[in-house]
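Fold and geometry: a report
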Amino acid sequence: MRAFLRHLRAEPPRPAPYRAANYVPLKPWQVRGRRFTRRGRRGVDALEVAEFLGQVADDLAEAYAALGSSRRETERIKDALKRWQSQRAREDLAARR
């Protein structure tokens with residue numbers, strides 16, 4: 001019965017808003033490797049585009065690193081909370097006896 005109630009309390013995973021199921025986020029190496037074709041005489045400045053893409057790739061790499069760090073910290077906190085709750089439950093059970 002407890003497992004059933006825990007299952008009801010658990011929140012279902014939320015899908016990311018406005019994204020297709022097959023959406024794959026860009027990786028920094030994909031941004032760095034992107035090349036553009038020139039169209040006519042008034043094309044883009046290849047050096048400016050490369051510099052901008054490098055900056056975007058660096059920002060993406062930093063964001064992914066922060067996200068990974070945040071996820072690791074969240075898991076650490078969840079594990080500590082579970083251990084504390086288990087210990088507290090054992091202490092409460094022992095106190096009742």
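Please read all numbers here as calculations on a predicted model, not as lab measurements.

**Focus on the overall build of the protein**
A tally of helices and strands in the protein yields three helices and zero strands. Walking the protein from its N terminus toward its C terminus, one meets helices and strands in the order α-α-α. Across the 97 residues of the protein, 4% fall into the buried class. As displayed, the protein has an accessible area near 9,700 Å², and 56% of this comes from carbon and sulfur atoms.

**Some remarks on the confidence of the model for the protein**
Here the protein shows a mean pLDDT of 81. Residues at 70 or above account for 79%. Mean pLDDT values over the elements of the protein span from 56, in helix α1 (residues 2-9), up to 91, in helix α3 (residues 46-96).

**Looking at the pattern of salt bridges**
Under the defined criterion, the tally for this structure stands at three salt bridges. A salt bridge links R76 to E73; the nearest nitrogen and oxygen atoms lie 2.7 Å apart. Highlighted residues: R76 and E73, both in helix α3, separated by three residues, approximately one helical turn. Relative accessible area serves as the criterion here: at 36%, E73 is assigned to the partly exposed category. The shortest N-O distance in the salt bridge between R88 and D92 comes to 3.8 Å. Highlighted residues: R88 and D92, both in helix α3, separated by four residues, approximately one helical turn.

Calculation criteria
- Residues numbered from 1 in each chain as written.
- Predicted model: local features only at pLDDT ≥ 70, side-chain atom pairs only at ≥ 80, totals over all residues.
- Heavy atoms only, no water.
- Helix = DSSP H or I, 4+ residues; strand = E, 2+ residues; numbered from the N terminus.
- Buried < 20%, exposed > 50% of the residue type's maximum accessible area, 1.4 Å probe, protein only.
- Areas by Shrake-Rupley, 256 points an atom, 1.4 Å probe, with all protein chains shown as cover.
- pLDDT = per-residue confidence, 0-100.
- Salt bridge = Lys/Arg side-chain N within 4 Å of Asp/Glu carboxyl O.

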